[in-house]
Amino acid sequence: MRRKGGRGFYGEIEILILKTLSHGNPMHGLAIIDAVRETSDDSLEIEDAALYPALHRLDRKGMLKGEWRISDKRRRAKFYEITAVGHEQLQRALEEWTAHTKAMGKVLDIVPEDLA
């Protein structure tokens, strides 16, 4: 995953995948990439080479479950959905990111209004 003009932080891809799938719509890899890009107003981009290993890791850990289906483009694709274990991990990760963001904001003297 990379930011336009920057590089990513460890663990971002997994939390972005879990959050994207937490809305309840099973999605295949390219749809996840598109959803993250659109949700971030084109600021975040997950590369294929990073996405698929992350999907497989999350699947192995029981945070996602995948099912082969036919996509809108009539191609066979694996659609993923978040599991209860994935929801629990997402909640923990969101709590950690919130605490980290607050701490960084204090050090950098950034208040939430500055981020809007």
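Residues numbered from 1 in each chain as written. Predicted model: local features only at pLDDT ≥ 70, side-chain atom pairs only at ≥ 80, totals over all residues. Heavy atoms only, no water.

Asks: Could you clarify how one ought to interpret helix α2 (residues 29-39) in this entry?
Replies: Taken together, the buried positions of α2 are occupied by Gly29, Ala31, Ile32, Ile33, Ala35 and Val36. Here the buried face of α2 lies against α1 (12-21), β2 (44-45), α3 (48-60) and β4 (76-82). Looking one or two residues past α2, Asp41 carries a phi angle of roughly 55°, positive in sign. (Buried < 20%, exposed > 50% of the residue type's maximum accessible area, 1.4 Å probe, protein only. Helix = DSSP H or I, 4+ residues; strand = E, 2+ residues; numbered from the N terminus. Contact = heavy atoms within 4.5 Å.)

Asks: Just to check I follow, could you spell out the pairing of β4 for this structure?
Replies: Within a regular strand, the side chains alternate between the two sheet faces. Bridge analysis of strand β3 (residues 64-70) against β4 gives seven bridges, and the strand direction is antiparallel. Bridging from a neighbouring strand, Lys65 pairs with Glu81 of β4. (Pairing = 2+ DSSP bridges.)

Asks: I'm lost on unusual backbone geometry in this one. Help?
Replies: At Asp42, a position not held by glycine, the phi torsion is positive, near 65°. Looking at where Asp42 falls in the secondary structure, it is placed in the loop between α2 and β2. Positive phi, normally seen in glycine, also occurs at Arg74, with a value near 60°.

Asks: Help me understand a nonpolar patch on the surface in this model?
Replies: A grouping of Met104, Val107, Leu108 and Ile110 is seen on the molecular surface, where their side chains present a nonpolar patch of about 370 Å² in accessible area. Inspection of the secondary structure assignment puts Met104 in helix α4 (residues 84-108). (Patch = residues over 30% accessible without salt bridge, like charges linked within 9 Å, V, L, I, M, F, W, Y side chains within 5 Å. Areas by Shrake-Rupley, 256 points an atom, 1.4 Å probe, with all protein chains shown as cover. Salt bridge = Lys/Arg side-chain N within 4 Å of Asp/Glu carboxyl O.)

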